[in-house]
Amino acid sequence: MLTDSEMLNIEGGQISWGLIGLIGGVITFISGIIDGYLRPLKCN
């Protein structure tokens, strides 16, 4: 069994906010490229 202090020090399954932002930015960038390729619009 773990003691109370050992249970408070368990780390795992964490993901940083920077990594979430990076993944979201990459997904947005790739979807923008695909959208521009499939549905090209002229600039006004």
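Since the model is a prediction, treat every value here as computed from it, not as a measurement. (Residues numbered from 1 in each chain as written. Predicted model: local features only at pLDDT ≥ 70, side-chain atom pairs only at ≥ 80, totals over all residues. Heavy atoms only, no water.)

Draft legend 1. Representation of the overall build of the chain in the model. Counting its secondary structure elements, the chain contains two helices and zero strands. Principal axes of the C-alpha set define a box for the chain whose edges measure 65 × 15 × 10 Å. Classification of the 44 residues of the chain by burial places 0% in the buried group. Roughly 4600 Å² of accessible area belongs to the chain as shown, and the carbon and sulfur atoms make up 66% of that amount. (Helix = DSSP H or I, 4+ residues; strand = E, 2+ residues; numbered from the N terminus. Buried < 20%, exposed > 50% of the residue type's maximum accessible area, 1.4 Å probe, protein only. Areas by Shrake-Rupley, 256 points an atom, 1.4 Å probe, with all protein chains shown as cover.)

Draft legend 2. Representation of the pattern of salt bridges in the model. Following the criterion strictly, the structure yields one salt bridge and no others. The salt bridge partner of Arg39 is Asp35, with a shortest N-O separation of 3.1 Å. Taking the relative accessible area as the measure of exposure, Arg39 reaches 48% and is therefore partly exposed. A relative accessible area of 36% places Asp35 in the partly exposed class. (Salt bridge = Lys/Arg side-chain N within 4 Å of Asp/Glu carboxyl O.)

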